Each structure stands twice: as C-alpha cells, then as structure tokens.
Amino acid sequence: MKPRHPTYWRSYAQLADDPGFRDFVEREFPAGASELPEGIPRRQMLMLLGASLSLAGIAGCRKPVEHIVPYVDAPEQVIPGVPRHYATTMPFGHSAYGLVVESHEGRPTKIEGNPEHPTTAGRSGPWMQAAILDLYDPDRSRRVLRLGEPSGWEAFVAAWQELDATLVATGGQGLAVLAAPFSSPTLARLAAAFRARYPNARWATWEPLGDENVREGLRRATGVAAQPVHDLERAARIVALDADFLQTDPEMVSSARGFAAGRRNGVAGGEMNRLYAIESVYTVTGANADHRLRLRSGEIGGFVAALAAELAARGLAIEAAPGARPPAGVDPQWIGTLAADLLEHRGASVLIAGASQPPAVHAALVALNAVLGNVGRTVRYPEPRDAALSSTAELSALAEAMRSGEVTTLVLLDSNPVYSAPADLDFAEALSAVEHTIHLGSHRDETALGCEWHLPRAHFLEAWGDCRDASGAPGVTQPLVQPLFGGRSDVELLGLLAGGEARPGHDLVRETWRGILGELGFEQRWNRLLHDGVLPGSPAPGATPRVGAGLPADLGNSGTGAAEGLELVFRGSPAVHDGRFANNAWLQELPDTMTKLTWDNAALVSPATAAELGLANEDVVRIGHEGRELELPVWIVPGHADGSIAVWLGYGRSAAGRIGTGVGANAYAVRTTAAPWFAGGATLTRTDRKHELASTQDHGSMEQRPLVRESTVDGFRRQPDFAQRMVKMPPLEQLIPDHDYATGYQWGMSIDLNVCTGCNACVVACQSENNVPVVGKQQVRNGREMHWLRVDRYFVSDGGDPAADPAPRAVFQAVPCMHCENAPCEQVCPVAATVHDDEGLNVMVYNRCIGTRYCSNNCPYKVRRFNFFNFTKHTPEIVKLAQNPDVTVRSRGVMEKCTYCTQRIAAARIQARLEDRELRDGEVRTACQQACPTEAIAFGNIRDPESRVSRLKAEPRDYAMLAELNNRPRTTFLAKLNNPHPDLAPAADPQPGDSHGAAGEEHP
C-alpha cells in the first residue's frame, strides 16, 4: 500500500493562506510589534525620550536617599543567597499534591514536586507551579471586614463566642456550614467535633467541578461511594470517555506518569500502550490518543451500551442489551475493533469516564472493568478517608433552607457559591435572607460582598494543615512564611467553631497527628513527617468491592444527546479551573494547549457547525438554555463534535481582583442543577458584534519547514533511524570554525515527543524560575508574549484536503532555545550581546543588548522574545517577592530567551567545587525538566557518554530541528511514535527517504 503522507497545520487561516496570516508570519516582527503604542508620532516620542534623559541626568547628581539596614542578629540557619527547601502538601479538593518549596531568606519563590510523595513523585503541573503567584497576589484580602468596614480577628472571635452561647443552647438550630471539599484528617476531626457540639446544625460540601457523578456511579455499581484510582503504567489499553486525565483531571500528574511509562515500553521493545479517546471537546488526552472518536457528550452513554453489547456478543460475561446500537455516524467497525482489543488485553486494560458523564456511565464502566479483569490491577476503588465530598443535593437543600428562614447563621469555608452555584438556585438571593453570614476566603469575592463578616484566608504556604491524596496517603501542610495579610486557615476557623475558642493551627494539626502517629516517639516521627512531607508506608490500597456484571437500565439514554437542537457542554478551564485561579496572571496568559487562546473563554464549535450557522472566529453569539442567555465569541476548533457547543467555566468574574475581573464571560449563568455538565436543546443566535480574541496558534510559524517527525511503532521497528532519513540533507559546509572546547562541561537537551503530552507544566515552570513577565491580552495579540518556552500544537491530516478533514490528529512540540553550535543569532549581533560560552550555552549579556533585534530576525526557530515595554516597571512590591533572586529582572529594550537555567548550572557547579568533585549526572535540572510530569525533557553533560541526555541523543529517533540549516542545535528531539490498530485508519507511517511536510505543506 502506498504510504499516506501527513499534512501538518496550525490553523484554517494558514491552510487558506489568508492575507492576514501571511502578513503576520512574513514580517520581520508580527504586525503591531514594532509600532509605537497608541499611534504616538516619532518626533513626539523622541521629544519624550529626550526629556526623560535630561531628567535622568539631573537625578543622577543627587545622592540616594534609601537606607540599607543589615541584620543585627542574623536568623539561625539562614545563609544569605543560599536557598532552603521545605516539604509541604498542596490541598486540591479531595486530592493532595506533595511539594518541595524553595525559600530565599524566608520568602518562598519556587515550587517543585516532592520525590517522596506518591502522587507527584517529584513532578508537577501548571496549577502547582502557578500557586506561588497566588501567595503574593496583591488583591488578596488584607483585613477582617464586618459589613464592609474594617474590623479584626479578635472582634470576630468575641462576636462568635457571643453568638455561640445561643447556638449551643439550641444544639446549633439555624446554624449551617458550606465548605469546599477536603481530604484532611484535621478538618475531618474538627467537623466531627462541630457536629457533636451542634447536633442540629447543617453541613453541606460543594464545589462547581465536583466528581459526585463518579461516586454515585460507583455507589450504584458496588454499594460503596468509592473513588477510582487508576494505575495506568499497568494498562496496555486505555479507553477515555470524555475524560481528560492528562490535563484537567486533578490526578493529571500521576496519570501522565503512568501513561508515559506505557509509551516508553513500546520504544524499549515491549508492547506500547494504546489509547482510545471518545469525547466531544478536543482535549489534550484526545490529542495523545492513537484513535480518537468525536462524539457529543450526551451520546457517550449510548456508545458504552453498544460497546458492552459487542463485548457480550464476543463472549464476555456481561449482561448487556443485545440490541444496543452505536450512535448515529459511528462506524460499527470502530466499536468492534475496540471490543476485540479489550478482550485481547483482559486484566491489562482500563476504561475511564470523566466527571462530566452521568452516574449510569460510571456504573457501567465499573462493571466492564470488573468482567475484563481490570479491578485490582489497573483500577482500584479505595473509599475516601477523612474526606468531605461535593454534593449538589446538599447545596440545593441548603439554599432552600436559607430562603425559608431555617438558616439564621451561615459559615462559608473557602466557597464562592454566589458566583459558581447553579443559576437556578439563585444563591445570592438565598444569602440575603440569612441574618448572620461569615465568609472565609482569600479574596473579597462575589460571595464575600454579600456577607456580614469576611475573614481573610491564609494561603496553604502560610498555614498549618494536612490532607490525603486520592489513594489515601496522608501528608502535612506546613507554612513557609507567616501570613502576609494576617489570614486564618480553614483549620483555625473550624477549630473556633468546634471548640468555642481560637487556637493556633499548629496545635490543632499536631493534636490530630498525635492520634495518627501515637504518643511513643511522637516528636521524632513528627519531625520526620515535616521533613518528608508525607507519612512513610502509605497509601493503603483500600478494599476491592464486589461488582456485579449487570449494566444500568438507563445507560442508553443516560445523556441528552438525542434531544433536539444543539448540545451545550460545560468544562472546567485548563487555565483558571473553576475560577479560583482567575486572578493569576501566569495562568490567564498561558496559551490553551488545543485552542491557543489566552485571556478569554469562547464558544467552541466544529467547522461543520460553524458553516451551518454562518459563523466565523470572533463572532459574538447568544447561547440560550432553559430561559437563560450567555454571550460569547466563537472559536472554531478542528475535531470538535458537530452539533455541540463547549464553554469554559471559571471566567466572567465580577470580584476576582484586578487581573481576573471582567475577563471572559460567566458560563455559570446558564448552568443548572438539572444539567451541570451538558444538555441538549440549546439555541445559538448570531449577533452583529465581534469580540477580539488573543490566540498564539500562528505565532512562531516556521514557514512550512519540517519540524515534527513521527511514525508508528511498526514503522519504527522496520526502520529505527526514520527520523534522520525523513529530510534529504544537502551537502553541508562549515563556514565558521568550530568552538574550541578543551575542558569542562558541555550542556545539551533532549525532548521526547513520544511522551510530551502538551500539558504546559514546563511553560509555567520556566516563567516562575526565570522571572518571565506577563504582557496582557493586547500585547499577546500583537505577538509580544514573553514565554521563553512554547508548546507548538499542530493538527495532522493523514491524506486528502486538510481543510475538509473533520477529525484531524494533533501533535505537540515543546520549543525552547536550541543553543546552536553555529548560532545564527551570534553572527549578526553588532554588540556581541548574544555569545557562546565555554560550556556551549548561547547566552545573553543584557547590559550589552541595544535592541536591534537582528538576532530574533535571524533565528529560524523564533524562540527569542523582545521586551518592547518595561513589563516589570509597575510590578507590585508584594509580587516582586515571588521573583527568583538568582535571575536578573530585565527592563525594556533587551532580548530574552531560554538560558538552560544557567543559574542552576552555576549553583550546582559551586556546590561541586566546595565538595571537590565533578558534577554528577542529573544534579543540574532545568525548570522545565524538573516540572515535566512525564520526564519528556532530559538535560545534562553531552561530553559524558553515560549521561541520560547522551544516551537519548544516541537513540535512532533523535533528530535536530531544521538540521539542513547546519545550525547544529544542542537541543534535539526524539521522534513521536503512534500505536494505531491495524484494522482502523492508520496514523502517519512515513518511509525512509520520504520528505516530511509540516505547517500546511502536503507532499505528493
């Protein structure tokens, strides 16, 4: 059979060769990137510059007025300039992330995963990396407020104790608590004490993106409201049903690690795992799938019923409806092939459904996993311990009790239901009917504005606490800094409610752990716990429930896919989640992996749906659902399910802070308790307005050059060196003498595209480590984003017209500076601001740079960033505390780029010199490498043939991007391998000698 040659492309504008796209990529710099702001004439700008220089000269004649005061008594164990590292745990609902936090003279500056913690295992995700910026958010609440007026913690304690006397007498009649989900032993103990003190009080737990569908499905199937824990490293076949376990799922770090292990197994000669994704919205998980089926969310229940019927027909002992038919448009061969693959891999497969799918789907998957022999191997069902889990039923009952006057005192623990509660509950109205309302939160948010008392909440890096991860492993949360704004923790407030007196969080947590660790040797074990951050010997596996082989009777119609009209789908934002990160500028500016949108949400639709309704990108549409309306701009996404509209939650905040307020539209306004995740019957009406969106999908375009290289596992085994042969290299001549490296280290990097999932953890880690500034939406539109590392996303069409491909594949490529041996940027800099050092790094001397930007123009990889404006000039003082003191904070007018984290290299070199030894392999880790949950990035000394990076560069999959230019980059890539089923449409399988197209070029 003649091989199918793939076409790689970024956007429909590129495929159509749109004039706007051509203008953007053909200019030396993107349109608007070189112009002065707001149309200021050149003469006026020169006058302003002259005046500024004159004033600077006058100011230079004055003596400085600042006073520098040294330590009188230096703090113990603090060495200026030498960071310290502390283990802690980040709570996230009923999940927990073990972290190691770097601290400089008492201020936390960088977060990494804790190698000892079973969930993170030394790795992290974007939300963990960005949490450091939340600590220094200048919009965090700074004082206790009563009726909007300043008060104090002591005044609140006195007021509560006065109210408490009445409440205790009635057993808490009229008292209610609304809390966010948690998995904390201390909070669980205090909640039990609260219920004992107030037996007539109400307690509700809720969050907008809760997983109650999952737990209800397990309860229906097993009788136990357990929580699935997936061991993907043991799974040879994975089926994801509306489940984005590689990005937006709370357990994405451990899931990505397990998934990557299965991909590496195939490279090493074993069996590579195979991922099937069935979903409506194009997710990162779907992009990494070997086979992806786009299907409306409401039709996935019918798909599961048809799959079960096919498995039963092939002999599996499952009680399935024999007449179940696949949803319209689904090829029966697709389901038959999947069924055969699952049966062939009994005990080594797993089916995963996302939290958005109804309980019937989750119950069905429990049964299917059981009869396939997967339970106890690739999936476990431990019961949540010390957990309060989200329940919309509890929230609805609480809102009704508030309206009826049954609730007279309401305490809200880290909850913002006025913004995020289902629209039909009208929580703001219910809140106004309560006499006493107390809100604990990090910001004076939408809910706090309607409360009698508002208490500032301490960040987890400021507070004592504890939490268990999804598998039950308990860890401690210890503060690295005193509360910056006098905040109090959930533990401290609940301790006051449960005990009637204010106690320090430290005492409350230690009291809990005395019961866990025991009195014998407590201090020693407690100190060990603080050092490790997690209790050794955990987690417990939990009981494996007995599961029947029957499927829910309502499985086939468990969704609303058959309803007339469009389907409306709600999803948590990959950036701001449910809105809690709305004021985090790093996450707002982080380009979404699939859409490449920043600073906004949009109505995501397929090309066919857009054509049917006459829509184009940035058209504002009015979405109607159950009598409610929402206006959003349209964004067309290849591979999106037809007839489905997806909207991200978490935007449209009205009281998030200066960064997040007014960004995007509030999709919670049309979300109801009856349809919290998806619903049919939606309407879409086009308005006559446009709304500008900032997308980076065409930024950094490299003019249809071969960039990504991929093959199938079978193709790789036939021709292991396909990556080098896919581009016909012309004879290369060396015009510039080689650099003389007599001694020392030589640094290089390898990025494995086979396990890079595109999760964006590396981008945020680089931003945190290297003080990379945020530029804002308009500057992103102008092409001025400052990220030193980007993740390129390419859609892939395996034949035919790519513009007509309804379901293209997608691949990712992380692109930092290549640190070329023959660096074209170095040859054109007139002031030698970018130079080669004796360890092979392409470095920037900021003090020399005069901003000619010749280097950026000459860089074929487009990885250099020019700071046109002083983006750090107005940085709040509190935010400056988050900056890495080992990295220069750049002013305007200089070129910025990846440095291979040279400050980390220098620190490791100094330490090795002090210990009179050579640097060890793995001792220097770049920020992107350390954060990557799949270990896709390797860095080290390429002079050492035994180093990990040298071994990877010796693999046959290794290739250099744009090698034909003879730049000889030190950053190289390992080609991606796919594992498609031979009976389904094959993925790209280029043959040796094939020319390999990219970015819109198709080869005959």
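For the structure, check the block above.
Model, not experiment: these values are computed from the prediction. (Residues numbered from 1 in each chain as written. Predicted model: local features only at pLDDT ≥ 70, side-chain atom pairs only at ≥ 80, totals over all residues. Heavy atoms only, no water.)

> What am I meant to see in the pairing of strand β8 (residues 202-205) here?
Residues in a regular strand project their side chains so that they alternate between the two faces of the sheet. In the sheet, strand β7 (residues 175-179) pairs with β8 via four bridges, with the strands oriented parallel. Across the sheet, residue V177 finds its bridge partner in β8, namely W203. (Pairing = 2+ DSSP bridges. Helix = DSSP H or I, 4+ residues; strand = E, 2+ residues; numbered from the N terminus.)

> What exactly am I supposed to notice about empty space enclosed by the protein here?
Vacant regions in the atomic arrangement are exposed by a probe of water-molecule size rolled over the atoms. Here the structure, examined in full by the defined rule, presents nine cavities of 30 Å³ or more. As a volume, the second largest cavity reaches approximately 200 Å³. What lines the second largest cavity is a set of 26 residues, and nearest its centre among them are P126, W127, Q247, P574 and A575. Among the elements of the structure, α4 (126-135), α19 (585-589) and β21 (597-598) are those that each provide at least two residues to the lining of the second largest cavity. Looking at the lining of the second largest cavity, the element that brings in the most residues is α4, giving three residues. A per-class count over the lining of the second largest cavity returns 16 nonpolar, seven polar and three charged. (1 Å grid on protein atoms, 1.4 Å probe; cavity = no way out; pocket = protein on both sides within 12 Å on 5 of 7 lines; lining within 4 Å. Points joined across faces, edges and corners; volume = space filled by probe spheres on them. Nonpolar A, V, L, I, M, F, W, Y, C, P; charged D, E, K, R; others polar.)

> Which parts of the structure should I look at to understand the pairing of strand β18 (residues 465-468)?
The two faces of β18 match: G465 and C467 on one face and D466 and R468 on the other face are all buried. Pairing analysis gives four bridges linking β18 to strand β19 (residues 474-477), with the strands arranged antiparallel. If you follow R468 over to β19, its bridge partner there is P474. Once β18 ends, the chain turns through five residues before running back antiparallel as β19, passing G472 with a positive phi of about 105°. (Buried < 20%, exposed > 50% of the residue type's maximum accessible area, 1.4 Å probe, protein only.)

> What is the right way to read the sheet that holds strand β20 (residues 566-572) from this model?
The pairing of strands in a sheet happens through backbone hydrogen bonds and is either parallel or antiparallel. The mixed closed barrel is built from six strands, whose spatial order is β20-β25-β22-β24-β23-β26. Within this sheet the neighbouring strands show an average axis-to-axis angle of 45°, counted without direction. Pairing geometry for β20 and strand β26 (residues 678-690), over three bridges, is antiparallel. The residue of β26 that forms the bridge with L566 is A682. (Axes fitted to C-alpha atoms, helices over the stretch in contact; angles between N-to-C directions.)

> What exactly am I supposed to notice about the sheet that holds strand β17 (residues 453-456) here?
Sheet architecture is open: seven strands sit in the order β6-β5-β17-β16-β15-β7-β8, paired in mixed fashion. What marks the edges here is a single partner per strand, and that holds for β6 (149-150) and β8. Here strand β15 (residues 409-413) runs beside strand β16 (residues 436-441); their pairing, made up of five bridges, is parallel. Within β16, the residue paired with T409 across the bridge is H436. The strands touched by helix α5 (residues 153-169) are β7, β15, β16 and β17; relative to β17, the strand with the most contacts, the crossing angle is about 125°. The strands that helix α6 (residues 185-197) touches are β7 and β8; relative to β8, the one it contacts most, it runs at about 150°. (Contact = heavy atoms within 4.5 Å.)

> Explanation requested: the pattern of salt bridges in the structure shown.
Think of it this way: side chains of opposite charge can pair up when their charged atoms draw near. Under the defined criterion, the tally for this structure stands at 53 salt bridges. Of the charged contacts in the structure, one is a salt bridge between R571 and D242, with a shortest N-O distance of 2.8 Å. You can see R571 sitting in strand β20 and its partner D242 sitting in the loop between β10 (237-241) and α8 (252-267), a full 329 residues away along the chain. Using a relative accessible area of 8% as the deciding quantity, one classes D242 as buried. Its salt-bridge partner being R514, residue E523 comes within 3.8 Å of it at the nearest N-O pair. Shared partners join several salt bridges into a network, and the residues in it are K110, E112, E769 and R904. (Salt bridge = Lys/Arg side-chain N within 4 Å of Asp/Glu carboxyl O.)

> Help me out: how do you make sense of the packing of aromatic side chains in this one?
Two aromatic rings, taken as a pair, are described by how far apart their centres are and by the angle between their planes. The final tally for this structure, using the stated rule, is 22 aromatic pairs. Ring centres of F92 and Y97 lie 5.6 Å apart, and the angle between their planes is 35°; this geometry places the pair in the tilted category. As far as the burial class goes, F92 and Y97 line up, both buried. Considering the side-chain rings of F303 and W334, the 6.2 Å spacing of their centres and the 70° angle between planes classify their relative orientation as edge-to-face. Placement of the pair is F303 in helix α10 (residues 300-313) and W334 in helix α11 (residues 332-344), with a sequence separation of 31 residues. The pair formed by F303 and W334 is uniform in burial state, with each residue classed as buried. These aromatic residues form a ring-pair network of at least three members: F92, Y97, W127 and F581. Over the ring of W677 we find R671, and its NZ or CZ is 4.9 Å from the ring centre. The positively charged end of R853 is found above the aromatic ring belonging to F866, 5.5 Å away from the centroid. (Phe/Tyr/Trp six-rings, centres within 6.5 Å; stacked < 30°, edge-to-face > 60°. Lys NZ or Arg CZ within 6 Å of the ring centre and 35° of its normal.)

> Sorry if this is basic, but what is going on with the packing of helix α7 (residues 212-222) against helix α12 (residues 359-371) here?
Axis angle and axis distance: for two packed helices, these are the angle between their axes and the distance between the axes, and together they describe the pair. Put simply, α7 and α12 touch, their axes get as near as 7 Å, and they point 50° apart. When the axis of α7 is compared with that of α12, the two are oblique. Crossing of α7 against α12: the hand is right-handed. Touching N213, V214, E216, G217, L218, R220, A221 and T222 of α7 are P359, A360, H362, A363 and V366, all from α12. (Parallel < 35°, antiparallel > 145°, perpendicular 65-115°, else oblique. Left-handed = near helix turned anticlockwise from the far one by under 90°.)

> Please explain helix α28 (residues 902-914) as it appears in this structure.
Structural remark: α-helix, 3.6 residues per turn; residues separated by three or four positions point the same way. Between the first and last C-alpha of α28 there are 18 Å, a value that for 13 residues agrees with the 18 Å anticipated at 1.5 Å per step. Residues Q903, R904, I905, A908 and A912 constitute the buried set of α28. Remark: D916 follows α28 within two positions and exhibits a positive phi of approximately 55°. (Expected span 1.5 Å × (residues − 1).)

> Explain the environment of L952 here, please?
Along the chain, the position of L952 falls in helix α30 (residues 948-953). Relative accessible area serves as the criterion here: at 15%, L952 is assigned to the buried category. Remark: the alpha-carbon pair of L952 and L974, spanning 22 residues in sequence, is separated by 7.8 Å.

> What exactly am I supposed to notice about the packing of helix α17 (residues 505-517) against helix α18 (residues 522-532) here?
One way to put it is that α17 packs onto α18 with a least axis distance of 11 Å and a crossing angle of 110°. For the element pair α17 / α18, the angle class is roughly perpendicular. Judged by the twist between their axes, the crossing of α17 over α18 is right-handed. The segment α17 lies against α18, with V509, R510, W513, R514 and L517 engaging F522, E523, R525, W526 and L529. The residue inventory of the contact of α17 with α18, partitioned by class, reads six nonpolar, no polar and four charged.

> Looking at this model, I keep getting lost on the side chain of E102. Mind explaining?
Along the polypeptide, E102 turns up in strand β3 (residues 95-104). Within the buried set, E102 has no salt-bridge partner at all; the shortest N-O distance to an opposite charge, 5.7 Å, is to R904. Within the structure, the side chain of E102 is placed 2.9 Å from the side chain of H104, a separation counted as a polar contact. For E102, the residues in contact, after removing those within four places along its chain, are P83, R84, H85, R107, P108, T109 and K110. (Lys, Arg positive; Asp, Glu negative; His and termini not counted. Polar contact = N/O pair within 3.5 Å; in protein donor to acceptor, adjacent residues only side chain to side chain.)

> What is the right way to read the state of the cysteines from this model?
Between two cysteines, a covalent bond joining their sulfur atoms is known as a disulfide. In total, this model carries zero disulfides according to the counting rule given. In this structure C759 is not part of a disulfide, and its nearest cysteine sulfur, from C932, lies 6.2 Å away. Judged by its relative accessible area of 7%, C759 is buried. (Disulfide = S-S within 2.5 Å.)

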